[in-house]
Amino acid sequence: MADVTTQKPTSLQDLARAQTSAPTATKILAENVDFYYSAFHALKTINIVIPDRQVTALIGPSGCGKSTFLRTLNRMNDLIDGTRLTGKITLDGEDLYDKRVDVVDLRKRVGMVFQKPNPFPMSIYDNIAYGPRIHGLTNRKKLNEIVERTLRGSALWEEVKDKLKASAFALSGGQQQRLCIARTLAVEPEVILMDEPCSALDPNSTFRIEQLMEDLKKDYTIVIVTHNMQQAARVSQRTGFFLRGEMKEFGDTDQIFTSPKQKDTEDYVSGKFG
Amino acid sequence: MSTTLSSPPNLLAKSTGNVAGRKLKNIVMLTLCIIAAGLAILVLGLVLYFLLSKGFSSLHIRLFTQLPDNIDTSKGGMAQSIFGTLVLLGVSSAIGLPFGILGGIYQIEARGRFASLVRFFTDVLNGIPSIVIGIFAYAAVVFPLAQRTHGQGFSAYAGGFALGILMIPTVMRTTEEILRLVPFPLREASLGLGATRWRTMWSVVLPAARGGIITGVMLALARIAGETAPLLFTIFGNQLFATHKVAGVSVPTLTAPIDALPLRIYNYSQDVDPNHNAQAWAGAVVLITLILVLSIAARFATRGNMQEEK
Ligand SMILES: Nc1ncnc2c1ncn2[C@@H]1O[C@H](COP(=O)(O)OP(=O)(O)OP(=O)(O)O)[C@@H](O)[C@H]1O
Ligand SMILES: [Mg+2]
């Protein structure tokens, strides 16, 4: 297995092979991605292969560019003035930054769960129905179905089934975050991006969301940013280590945590810095 | 006490001195603030007291139910003025709110030159005296309307137009400020689900800001409800309900002269008839009450919103 950062891959296939020990389909591929906030160079020549239906963890010290990278995958960075991206990111082989790509379609396919739970100021039911509704679904029965299925999917159904009309703000932080996951599931994305989804949660809620990820990866490709080393080790199959805007190392989670190839990675995962 | 400590006596002694000075400063400033706040309340209290002592005795249910009685001026009321003020508030809302609210949204959604130009001009507009807006409404609405209808041109349209213009800057500014307060993550969540910016604004941001926007609107209405100067050029005033029938139902006539509370108060207070003078005071009480109700409603709208966003 080669190290991407020290050895330039010659083709996409090589890159895919280089980063994969078990053969899995590639969902997202980033090639030589550079990203700028105006003059600030936030991501430097990122190459990464995100496998289909697995959990990929991104770790690294604060400010290294994990969130920035995650947000390039559904073009959330487009919302910020003065940002610029070079290189190429593909989803199932399609260029995300092609002029013809409709960000609305893209974000439907690549959903996002944020660090702080951010439910809408409406009922639990309406929070989940929001996504399907904006994409044109009005059938009450189908909406009911989606609400129940996604709430079950996010392990929240039993707790809220009797108060679907209650305000989402009446839920605890952990419940709100699971609601936000259900809301993301409701638009049936293919990829779910999670930016430190558990950092505002207690250990019990964290545990439940980790379990959830285990279930979800059967159907979804998950990319998670986390500061919690144990969490990365527990939930992910692949791990990428970011440092100062570069991706220092990317590989199987086991390998990153047990036999990292880079000194920086070793220092970081063993808790020497960050 | 400080002398018994050996190592940091200076520090302690010095800081004690400072503390005394700071405390004094604190007390002086606090007292000044209390006096200023007290004076503000006192002025409001005096105005209300003066108004009530003069106007309360003439306050009568007639005021709300009857038209002026020109034979016996001690009878009669100003129902047409109250009616007119409500009609004018409606017309000015219809003109001012769309521009104010959409303009506020535009300020948030569109960044760049034109947006800041718009903001600059609304600030300027905010500074234009209301009498000038009245003259403008006379030239822009009253005069053309008179020519087209061969009537007077003084009308609810003209008055509402002037008051609507006066509303725009306030409504636009508060809308913008309230929308800016809606947390960005809420927007992100919606956009992240694939919603367009327009949909996000309509379904998430505006509902979250609803209470604040309503407050802004109420305060703007409260402000224009008492405007008199622009009405002098635009509505003329009358002593009847300005209505006509459409399919058997009475509806306000927007193209004919109409009355309004501030104008009626102004006219009656200039009058030689003491009965009219007394009614002017009573009318002022009614007007102040209307404005107070709008202001209090504004407070409640905000409170509901806060609870929701908690
Ligand atoms: N909107 C922005 N404008 C300018 N610079 C930004 C912006 N957002 C992030 N940055 C900068 O880009 C760098 C990477 O930020 P990013 O948020 O991706 O870090 P991170 O790895 O997610 O950190 P953390 O673990 O603290 O969340 C930081 O140096 C940050 O200051
Ligand atoms: Mg981050």
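Residues numbered from 1 in each chain as written. Chains lettered and ligands numbered in written order. Predicted model: local features only at pLDDT ≥ 70, side-chain atom pairs only at ≥ 80, totals over all residues. Heavy atoms only, no water.

*Asks:* Lay out the overall build of chain B with the relevant residues and their values.
*Replies:* Looking only at helices and strands, chain B features eleven helices and two strands. When its helices and strands are written in sequence order, chain B yields α-α-α-α-α-α-α-α-α-β-β-α-α. A compact globule built from 310 residues should have a C-alpha radius of gyration of about 19 Å, whereas chain B, at 26 Å, is more than 25% larger. C-alpha atoms of chain B, sized along the principal axes, occupy 95 × 60 × 35 Å. Among the 310 residues that make up chain B, the fraction classed as buried is 40%. Once local pairs closer than 6 in sequence are excluded, the contacts in chain B between residues at least 24 apart make up 73%. Carbon and sulfur atoms make up 70% of the accessible area of chain B, which totals about 17,200 Å². Charged side chains of chain B number 23 positive and 13 negative; the gap between the two group centres comes to 11 Å. (Helix = DSSP H or I, 4+ residues; strand = E, 2+ residues; numbered from the N terminus. Rg over C-alpha atoms; globule rule 2.2 N^0.38 Å. Buried < 20%, exposed > 50% of the residue type's maximum accessible area, 1.4 Å probe, protein only. Contact = heavy atoms within 4.5 Å. Areas by Shrake-Rupley, 256 points an atom, 1.4 Å probe, with all protein chains shown as cover. Lys, Arg positive; Asp, Glu negative; His and termini not counted. Charge placed at Lys NZ, Arg CZ, Asp CG, Glu CD.)

*Asks:* Which residues make up the packing of aromatic side chains, and what values go with them?
*Replies:* Applying the stated criterion across every chain yields a total of twelve aromatic pairs over all chains. Taken together, a centroid distance of 5.8 Å and an interplanar angle of 85° make the contact between Phe50(B) and Trp281(B) edge-to-face. Remark: Trp281(B) occurs in helix H11 (residues 274-309) and Phe50(B) occurs in helix H1 (residues 9-55); sequence separation between them is 231 residues. If you follow Arg84(A) out to its NZ or CZ, it ends over the ring of Tyr36(A), 4.3 Å from the centre. Positioned above the aromatic ring of Tyr125(A), the side-chain terminus of Lys165(A) is 4.2 Å from the ring centre. (Phe/Tyr/Trp six-rings, centres within 6.5 Å; stacked < 30°, edge-to-face > 60°. Lys NZ or Arg CZ within 6 Å of the ring centre and 35° of its normal.)

*Asks:* Quick rundown of helix H7 (residues 173-185) of chain A? Include the residues and the values.
*Replies:* Look at H7(A): 18 Å from first C-alpha to last across 13 residues, which is about the 18 Å you get at 1.5 Å a residue. For H7(A), the complete set of buried residues consists of Gly174(A), Gln175(A), Gln176(A), Gln177(A), Arg178(A), Leu179(A), Cys180(A), Ile181(A), Ala182(A), Arg183(A), Thr184(A) and Leu185(A). (Expected span 1.5 Å × (residues − 1).)

*Asks:* How would you summarise the side chain of Thr226(A) if you had to cite specific residues and measurements?
*Replies:* Residue and element names in this part refer to chain A. Position of Thr226 among the secondary structure elements: in the loop between strand S8 (221-225) and helix H9 (229-235). Polar contacts involving the side chain of Thr226 include one to the main-chain amide nitrogen of Asn228, which spans 2.9 Å. Of the polar contacts made by the side chain of Thr226, one reaches the side chain of Gln231; its length is 2.8 Å. In contact with Thr226, not counting residues within four places along its chain, are Leu58, Ile59, Glu196, Gln231 and Ala232. (Polar contact = N/O pair within 3.5 Å; in protein donor to acceptor, adjacent residues only side chain to side chain.)

*Asks:* Outline a nonpolar patch on the surface, listing residues and values.
*Replies:* On the surface, Leu24(B), Val28(B), Met29(B), Leu32(B), Ile35(B), Leu39(B), Leu42(B) and Leu46(B) cluster together into a nonpolar patch covering about 780 Å² of accessible area. Along the chain, Val28(B) falls in helix H1. (Patch = residues over 30% accessible without salt bridge, like charges linked within 9 Å, V, L, I, M, F, W, Y side chains within 5 Å. Salt bridge = Lys/Arg side-chain N within 4 Å of Asp/Glu carboxyl O.)

*Asks:* Tell me about the packing of helix H5 (residues 140-153) of chain A against H7(A), and please be specific about residues and values.
*Replies:* All names here are of chain A. One way to put it is that H5 packs onto H7 with a least axis distance of 8 Å and a crossing angle of 130°. As judged from the angle between their axes, H5 and H7 are oblique. Handedness of the H5/H7 crossing: right-handed. For the pair H5 and H7, contact is made by Thr150, Leu151 and Gly153 and by Leu179, Ala182 and Leu185, respectively. Counted by class, the contact of H5 with H7 contains four nonpolar, two polar and no charged residues. (Axes fitted to C-alpha atoms, helices over the stretch in contact; angles between N-to-C directions. Parallel < 35°, antiparallel > 145°, perpendicular 65-115°, else oblique. Left-handed = near helix turned anticlockwise from the far one by under 90°. Nonpolar A, V, L, I, M, F, W, Y, C, P; charged D, E, K, R; others polar.)

*Asks:* Mind laying out the pairing of strand S9 (residues 238-243) of chain A, listing which residues take part and the relevant values?
*Replies:* All names here are of chain A. With six of its six residues buried, S9 lies for the most part within the structure. In S9, alternate side chains face the same way, and those of Arg238, Gly240 and Phe242 on one face and Thr239, Phe241 and Leu243 on the other are all buried. Where strand S3 (residues 55-59) lies against S9, four bridges are found, and the strand directions are parallel. Pairing of Leu58 across the sheet is with Gly240, part of S9. (Pairing = 2+ DSSP bridges.)

*Asks:* Can you lay out the interface of chain A and chain B for me, pointing to particular residues and giving the numbers?
*Replies:* Between chain A and chain B, the contact holds 23 residues from the first and 20 residues from the second. Where chain A abuts chain B, roughly 1,800 Å² becomes buried across the two surfaces, and 63% of that area is made up of carbon and sulfur atoms. When the buried surface of chain A facing chain B is broken down by residue, Leu79(A), Pro121(A) and Tyr130(A) rank first, second and third, together holding 28% of it. Taken together, the links from chain A to chain B amount to one salt bridge. As a salt-bridge pair, Arg71(A) and Glu188(B) come within 2.6 Å of each other at their nearest N and O atoms. Joining chain A to chain B, the criterion identifies four residue pairs in polar contact (both at pLDDT 80 or more). When residues of the side of chain A that touches chain B are traced back to their parent elements, those giving at least two are helix H3 (103-109), strand S6 (110-113), helix H4 (124-134) and H7 of chain A. Looking at side-chain class alone, the side of chain A that touches chain B contains 13 nonpolar, four polar and six charged residues. (Buried area = accessible area lost by both parts, 1.4 Å probe.)

*Asks:* Give a detailed account of the pairing of S3(A), specifying residues and quantitative values.
*Replies:* Moving residue by residue along a regular strand, the side chains alternate between the two faces of the sheet. Residues and elements named next belong to chain A. Most of S3 sits inside the fold, with five of its five residues counted as buried. Of the two faces of S3, the one holding Val55, Ala57 and Ile59 and the one holding Thr56 and Leu58 are both buried throughout. Relative to S8, S3 is paired through four bridges, and the arrangement is parallel. Within the sheet, the bridge partner assigned to Val55 lies in S8 and is Ile222.

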